[in-house]
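Now for the letters of each chain:
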Amino acid sequence: MADRPAVRVETFGCRLNALESDGMARVAAAAGVERTLVVNTCAVTGEAVRQARQAIRRARRADPDLRIVVTGCAAQTEPETFARMAEVDLVLGNAAKAAPATWAEVRASLDFGLSAEARVRVQDMATVREASPHLAAAFAGHTRAFVEVQNGCDHRCTFCIIPFGRGPSRSVPMGVVVEQVRRLVEAGHREVVLTGVDLTSYGAGLPGSPSLGRLVRTLLRQVPELERLRLSSIDAVEADADLLAALAEEPRLMPHLHLSLQSGDDLVLKRMKRRHTRAEALAFIATLRRLRPDLVLGADIIAGFPTETDGQFRTTLAFLEEAGIAFVHAFPFSARPGTPAARMPQVAPAEVSARAARLRALGAHLLHRHLAGEVGRRRAVLVEAGGRGHTEHFTPVRLARPLARGTLADVRIAGHDGARLIAA
């Protein structure tokens, strides 16, 4: 019936989760699932899990007849947490959540009821070997489109639960990626973002082991109509020569990268089981800037990792200043059960919070410095809804007047408000 409520998805966590949510909404609706909330969870922090549980309870209070399906990384890594909630009808793991057949089964299960045992459908992600990307024909209402090219992770950082939620690294064949990007450009998208859990591991396991850089150069060559290409978070130690060459030579590859750094102190990095040192990260950043002088960088940093001293934390703050990071994504450390870091001596919670606050304050200062340096420059802004947009460097901009969404506007930057640029 036309008046039945549509499937709704509430998303927590990363950009890949948001992309997968869009895909699940489409395949669930096509399978006839109705009056259902899908909660796509994140397992990165305990706070993300708490927020998901809170959203589930809030949704059931608002609509007692609503059916609730929980999926995503937290559902995969701690299914019992959600199965114990009376509000939850079904817990669905990450392995099959993209498949239309899964949602046909979900519809039948919700319609006919489930036993307590059948309420949890979680497969061991270690057995998953193929990527099953969500391939949208277009992203209605969005100026940029997202393409999943990789999933999973083969590394074992001591703080991270995500390899257990996502499984081993696996990649989407280059031909599939090229055709998907071509469809999105034909649908009117001027900017495409390549996403993955460990994006720079792209290609391992594919015939010929193509690198991320080779994928980027192939895309730009075979889809000449694509005006702007972006990458989600990358790992410095996995950046290949083709990727660096593309950054230097391809103006359509945008001059903004987000680096998975996590700390600027060598001992903390070692205890995190990261694969770079402070000096290696600084050398990589120097290489990036030599190749692309106008490059702007963001970084993920964890505050209060177990055993971290105040001196080691100050070393990280100094590292961010020296590296010239413009966008700091700060995480207070959150112990995830089952990870080695959860068994290490913990920093006091109050100190973790205090360090996270200091990290955010430095991030605000570094952002202010970047914004101030943009004043007076001309930038190409991809226009979004509400008189907003982003420059080539993914810096947010408030426009002086409304422009059609999807327009690439050449604007002069007149000022900033501490959070975004203001166009003349």
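Bear in mind the structure is a predicted one, so any value in this text is a computation, not a measurement.

In sheet architecture, strand pairing relies on hydrogen bonds along the backbone and comes in two forms, parallel and antiparallel. If you walk across this open sheet you meet the three strands as E6-E9-E10, and the pairing is parallel. What marks the edges here is a single partner per strand, and that holds for strand E6 (144-148) and strand E10 (228-231). The mean inter-strand angle of the sheet, taken between neighbouring strand axes irrespective of direction, is 25°. Helix H8 (residues 212-222) contacts strand E9 (191-195) and E10 of the sheet and is inclined by roughly 165° relative to E10.

Here we come to the nonpolar core. With 57 residues, the main nonpolar core has Leu194, Val216 and Leu231 as its most contacted residues. The biggest single contributor to this core is helix H7 (residues 174-186), with six residues. What Leu231 contacts, discounting residues up to four positions off in sequence, is Val193, Leu194, Leu199, Leu212, Val216, Leu243, Leu253 and Leu257. Among the nonpolar cores identified, the runner-up in size contains 24 residues, and Ala43, Val49, Ala52 and Val70 belong to it.

This next bit is on the confidence of the model for the protein chain. Per-residue pLDDT for the protein chain has a mean of 92; in total, 95% of the residues score no lower than 70. Ignoring residues within four places in sequence, the model shows residues 1-5, a span with pLDDT below 50, making three contacts including any to other chains.

Attention shifts here to the packing of helix H9 (residues 241-249) against helix H11 (residues 278-291). Closest axis-to-axis distance for the H9/H11 pair is 8 Å, and the angle between their directions is 40°. The angle between the axes of H9 and H11 places the two elements in the oblique class. Across the interface between the two elements, Leu244, Leu247 and Ala248 from H9 touch Phe284, Thr287, Leu288 and Leu291 from H11. The residue makeup of the contact of H9 with H11, split by class, is six nonpolar, one polar and no charged.

Considering the arrangement of structural elements, one finds Phe164 in helix H6 (residues 162-166). Sequence-wise, Phe164 and Thr77 are 87 residues apart; in three dimensions their C-alpha atoms are separated by 6.4 Å. Beyond its immediate sequence surroundings of up to four residues, Phe164 is in contact with Gln76, Thr77, Met125 and Arg156.

All right, on to the pairing of E10 then. Burial along E10 is two-sided: Arg228 and Arg230 facing one way and Leu229 and Leu231 facing the other are all buried. In the classification by handedness, the crossover that spans E9, the intervening H8 and the parallel E10 is right-handed.

This brings us to the sheet that holds strand E14 (residues 378-383). Sheet architecture is closed into a barrel: five strands sit in the order E14-E15-E16-E18-E17, paired in mixed fashion. The average angle at which neighbouring strand axes cross in this sheet is 50°, direction not considered. In this structure, strand E16 (residues 396-398) lies alongside strand E18 (residues 421-423), joined through two bridges in parallel fashion. Bridge pairing in E18 links Arg398 to Ile422. Packed on one face of the sheet, helix H13 (residues 349-374) meets E14, strand E17 (408-416) and E18 and runs near 115° to E17.

A few words now on the environment of Cys73. Along the polypeptide, Cys73 turns up in helix H3 (residues 73-77). Ignoring any residue separated from it by four or fewer positions in sequence, one finds Cys73 in contact with Thr41, Ala43, Asn94, Ile162, Gly165 and Arg166.

About the thresholds
Residues numbered from 1 in each chain as written. Predicted model: local features only at pLDDT ≥ 70, side-chain atom pairs only at ≥ 80, totals over all residues. Heavy atoms only, no water. Pairing = 2+ DSSP bridges. Helix = DSSP H or I, 4+ residues; strand = E, 2+ residues; numbered from the N terminus. Axes fitted to C-alpha atoms, helices over the stretch in contact; angles between N-to-C directions. Contact = heavy atoms within 4.5 Å. Core = buried A, V, L, I, M, F, W, Y, C linked by side-chain atoms within 4.5 Å. Buried < 20%, exposed > 50% of the residue type's maximum accessible area, 1.4 Å probe, protein only. pLDDT = per-residue confidence, 0-100. Parallel < 35°, antiparallel > 145°, perpendicular 65-115°, else oblique. Nonpolar A, V, L, I, M, F, W, Y, C, P; charged D, E, K, R; others polar. Right-handed = clockwise from strand over helix to strand, strands pointing away.

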